[in-house]
Amino acid sequence: MTAGTVRPSIAVLERQLTLYRRLWRASVFSSFVLPVLFVISIGIGVGGYVGSVKGVDYLSWIVPGVVASTAFQMALGESTYPVLGDFKWSRAFHAMRATPVQPNHILTGHLLYLLFRVTTAVLAFLLVVLFFGALRSPWAVTVPLVCALLTVATAAPVSAFAASIDSDSHFTLLFRFVMIPASLFSGVFFPIEQLPGLIRPVAYVSPLWHAVELCRSATLGTAPPWPVAAHVGCLLVWAVAGTLLAARRFRRRLED
Amino acid sequence: MIFARGLVKRFGDFTAVNGIDVEVAPGEAFGFLGPNGAGKSSTMRMISCVSAPTSGELRILGMDPVRDGTRIRARLGVCPQLDNLDPDLTVRENLTTYARYFGLSRVEGRRRADELLDFVQLSDRAGSMVEPLSGGMKRRLTIARSMINEPDIVLLDEPTTGLDPQARHLLWERLFRLKQRGTTLVLTTHYMDEAEQLCDRLVVMDGGKIVAEGSPRSLIETYSTAEVVELRFPDGLDLNADYAAKMSGIGERVDPLPDRVLLYADDGDAALTEVHQRGLTPSSVLIRRSTLEDVFLHLTGRTLVD
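What you see is a predicted model, and the numbers here were worked out from it, not measured in a lab.

1. A few points about the interface of chain A and chain B
No. 1: Taken together, the contact pairs 24 residues of chain A with 29 residues of chain B.
No. 2: Linking chain A to chain B there are five salt bridges.
No. 3: The residue Arg100(B) makes a salt bridge to Glu14(A) at a minimum N-O spacing of 2.8 Å.
No. 4: Counting across the interface, chain A meets chain B through 10 residue pairs in polar contact (both at pLDDT 80 or more).
No. 5: Sorting the residues of the side of chain A that touches chain B by element identifies helix H1 (3–50) and helix H4 (92–97) of chain A as the ones contributing at least two each.
No. 6: Per-element accounting of the side of chain A that touches chain B gives the leading share, nine residues, to H1(A).
No. 7: Among the residues forming the side of chain A that touches chain B, the class breakdown is 10 nonpolar, five polar and nine charged.

Listed below in structure tokens is the structure:
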């Protein structure tokens, strides 16, 4: 990014933060309290029956899954209605377009804002689970980085989708056929080896699965199922392809 | 400030703007008049550098909007047809966040925001949300926002559509002041009174083309008569065309409408005397000066365009 790109993108980020200042209380529950409740109820409750997975107590085993899936859901959710709304209802993106701010700055500002949101939520969550003794390796410090990559890998293609549609009813399809299957079959609550061989490819293409495995190997200090570079590579493909596609969609939506 | 030659905008098979020539001088208030679908908004979008011309030449502030779009936009103020304020920000925040898009410092943004809120008489609403504001207040805020970068040209797309008379007059007064400060104004409208109030010069567009150009006064002189006699007949509804036929030759032109007959003449009283001499007895008569509306309807027709 050149200096000419940074400043307008930061201006867009500032607008998002100004809006967020008014909404943050409402978001604390979904982005922070809820995942902690998840860990407590499933990790301790279900974990009491399950015992351990692959020699690790269930709570410590699902913590990295829950943190990645929280990042995934935030990145996805914040790139649906808010993005379509700024194109279609408030037309705030059109207002920005009338200034020196360009479509790719709008996209960059949006992604920076989500990085901020996800990173603060992830850090707060990690701090809490630290007291549960769920972080077993110093590699856990890399979890925020993995979640940041996952955020772009998810938010960019979803923003491209939001910029391409005209009616919010399409989001129902996205939630039903992308978010829910991805959340269920990406190794968050159980190892994907438990899945029938036919469904397992769902996990392989899901950016969430790669992030879950990277986070898990980081908090437990174990090796992920694929080489680290392969997992990171898959996330990068989603992030780069999604960003290029979103940049095109944003430009097209704001021209003519 | 603005220079266009043979400017064309096509969307697929549809030609929105079909080869127009426009020149706007510094400090001028220039209007695009026309019915819906005449190509006014498409022209404005090309001038505001968000839509690339299909063909023809366009120069804004001496620059090419396709190549130098960002630099041009930095010096334009745009007030779009649909308000696109941030509904979840306060009135003041709408201005301060917008200032940042132009690269202004926070301090400078706040200073200009307060100054502009004063200018559009919204200082007492600075801290309130945008949503509960009236239509007129939102419009004033949008205009204030379009001025945050101290633009060389302010583009206003139908600035007073949908506002009540009080709000329109307040807005006109503010725009007039802006013009007095030397800001170039370019606006579209389909209100004739607005065009007469604000524009030094205007073009009438119809079907993507310019059909007339000049000052409001010169357009009236060229395309209409000095006065118009409006005649109503008790049994007019079906017979207005017959009455109009009986008046032929009086004045310059006779236009039968469903509810009345318009008689265009330079001397309304003389024309009326002649009407009476032909044995016609209208139930009511109004002699008035020609307006831009007469020019507009003459040039663009009376058929409703949607």
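2. A few points about the confidence of the model for chain A
Interpretation of the predicted coordinates at a detailed level should be avoided for regions scoring low in pLDDT.
No. 1: For chain A, mean pLDDT is 93; residues scoring 70 or higher make up 98% of the total.
No. 2: By mean pLDDT, the top-scoring element of chain A is helix H6 (residues 143–164) of chain A (98), and the lowest-scoring one is H1(A) (88).

3. Observations regarding the domain arrangement of chain B
No. 1: Splitting chain B by domain gives domain 1 (2–215) and domain 2 (225–289).
No. 2: On a C-alpha basis, the centres of domain 1 of chain B and domain 2 of chain B stand 40 Å from each other.

4. With respect to the pattern of salt bridges
If charged atoms from side chains of opposite charge come close, those side chains can pair.
Residue and element names in this part refer to chain B.
No. 1: Counting across every chain of the model gives 36 salt bridges over all chains.
No. 2: Of the charged contacts, one joins Arg5 and Glu23 as a salt bridge, the two residues approaching to 3.1 Å between their closest N and O atoms. Pair noted here: Arg5 is in strand E1 (residues 2–11) and Glu23 is in strand E2 (residues 14–24), with a separation of 18 residues, a long-range link.
No. 3: Residue Arg174 is joined to Glu173 by a salt bridge in which the shortest nitrogen-to-oxygen separation is 3.0 Å.
No. 4: By relative accessible area, which is 8% here, Arg174 ends up buried.
No. 5: Judged by relative accessible area, Glu173 falls into the partly exposed class, the value being 30%.

5. Some remarks on empty space enclosed by the protein
No. 1: Throughout the structure, instances matching the rule amount to three cavities of 30 Å³ or more.
No. 2: Of the voids in this model, the largest cavity is the one considered here, and its volume is about 60 Å³.
No. 3: As for the largest cavity, its lining consists of Ala92(A), Ala95(A), Met96(A), Asn84(B), Asp86(B), Asn94(B), Thr97(B), Tyr98(B), Tyr101(B) and Arg145(B).
No. 4: Looking at the lining of the largest cavity, the elements with two or more residues in it are H4 of chain A together with helix H3 (91–101) of chain B.
No. 5: Top element by residues in the lining of the largest cavity is H3(B). It accounts for four residues.
No. 6: Taken together, the residues that form the lining of the largest cavity break down as five nonpolar, three polar and two charged.
No. 7: Counting residues per element, the ones that place at least two in the lining of the second largest cavity are strand E5 (76–79) and helix H5 (135–146) of chain B.

6. Let's talk about the packing of aromatic side chains
All names here are of chain A.
No. 1: Under the counting rule described, the total for this entry stands at 16 aromatic pairs over all chains.
No. 2: Between the aromatic rings of Tyr20 and Tyr113, the centroid separation amounts to 6.0 Å while the plane-to-plane angle is 70°, which identifies the pairing as edge-to-face. Residue Tyr20 is located in helix H1, and its partner Tyr113 is located in helix H5 (residues 103–131); the two are separated by 93 residues in the primary sequence.
No. 3: When the ring of Trp209 is compared with that of Trp226, the centres are 5.2 Å apart and the planes differ by 80°; the resulting orientation is edge-to-face. Highlighted residues: Trp209 in helix H9 (residues 207–220) and Trp226 in the loop between H9 and helix H10 (228–254), separated in sequence by 17 residues.
No. 4: On the accessibility criterion, Trp209 (1% relative accessible area) is buried.
No. 5: Given a relative accessible area of 29%, Trp226 falls into the partly exposed group.
No. 6: An aromatic cluster of at least three residues, connected via ring pairs, comprises Tyr20, Tyr113 and Phe116.

7. Focus: a positive patch on the surface
Residue and element names in this part refer to chain A.
No. 1: Taken together, the side chains of Arg248, Arg249, Arg251 and Arg252 define a basic patch exposed on the protein surface.
No. 2: Along the chain, the position of Arg248 falls in helix H10.
No. 3: Using a relative accessible area of 48% as the deciding quantity, one classes Arg248 as partly exposed.

8. So, the packing of helix H8 (residues 216–223) of chain B against helix H11 (residues 292–300) of chain B
All names here are of chain B.
No. 1: Here H8 crosses H11 at 55°, and the two axes come no closer than 9 Å. Here H8 lies oblique to H11, going by the angle between them. Of the two possible hands of crossing, H8 and H11 adopt the one that is left-handed. Contacts between H8 and H11 involve Pro216, Leu219, Ile220 and Tyr223 on the former and, on the latter, Leu292, Val295, His298 and Leu299.
No. 2: The residue inventory of the contact of H8 with H11, partitioned by class, reads seven nonpolar, one polar and no charged.

9. Details of unusual backbone geometry
Residues and elements named next belong to chain A.
No. 1: One non-glycine residue, Lys54, adopts positive backbone phi at about 50°.
No. 2: Examined against the element boundaries, Lys54 turns out to sit in the loop between strand E1 (52–53) and strand E2 (56–57).
No. 3: For Arg91, which is not glycine, the phi dihedral falls at a positive 55°.
No. 4: Among the structural elements, Arg91 can be located in the loop between helix H3 (81–88) and H4.

10. Concerning the sheet that holds strand E11 (residues 253–256) of chain B
Residues and elements named next belong to chain B.
No. 1: Judged by pairing direction, the sheet is antiparallel, and its four strands sit side by side in the order E11-E12-E10-E13 without closing on themselves. One side of each edge strand has no neighbouring strand; the edge strands of this open sheet are E11 and strand E13 (284–289). If you compare each strand with its neighbour and ignore which way they point, the axes differ by 20° on average.
No. 2: Note: E11 against strand E12 (residues 261–265), four bridges, orientation antiparallel. From the neighbouring strand, Asp255 faces E12, where its bridge partner is Leu262.
No. 3: On top of the sheet, helix H10 (residues 268–277) reaches strand E10 (227–232), E12 and E13; it is set at about 35° to E10, its chief contact.

What counts and how
- Residues numbered from 1 in each chain as written.
- Chains lettered and ligands numbered in written order.
- Predicted model: local features only at pLDDT ≥ 70, side-chain atom pairs only at ≥ 80, totals over all residues.
- Heavy atoms only, no water.
- Contact = heavy atoms within 4.5 Å.
- Salt bridge = Lys/Arg side-chain N within 4 Å of Asp/Glu carboxyl O.
- Polar contact = N/O pair within 3.5 Å; in protein donor to acceptor, adjacent residues only side chain to side chain.
- Helix = DSSP H or I, 4+ residues; strand = E, 2+ residues; numbered from the N terminus.
- Nonpolar A, V, L, I, M, F, W, Y, C, P; charged D, E, K, R; others polar.
- pLDDT = per-residue confidence, 0-100.
- Domains from an automatic or database assignment.
- Buried < 20%, exposed > 50% of the residue type's maximum accessible area, 1.4 Å probe, protein only.
- 1 Å grid on protein atoms, 1.4 Å probe; cavity = no way out; pocket = protein on both sides within 12 Å on 5 of 7 lines; lining within 4 Å.
- Points joined across faces, edges and corners; volume = space filled by probe spheres on them.
- Phe/Tyr/Trp six-rings, centres within 6.5 Å; stacked < 30°, edge-to-face > 60°.
- Patch = residues over 30% accessible without salt bridge, like charges linked within 9 Å, V, L, I, M, F, W, Y side chains within 5 Å.
- Areas by Shrake-Rupley, 256 points an atom, 1.4 Å probe, with all protein chains shown as cover.
- Lys, Arg positive; Asp, Glu negative; His and termini not counted.
- Charge placed at Lys NZ, Arg CZ, Asp CG, Glu CD.
- Axes fitted to C-alpha atoms, helices over the stretch in contact; angles between N-to-C directions.
- Parallel < 35°, antiparallel > 145°, perpendicular 65-115°, else oblique.
- Left-handed = near helix turned anticlockwise from the far one by under 90°.
- Pairing = 2+ DSSP bridges.

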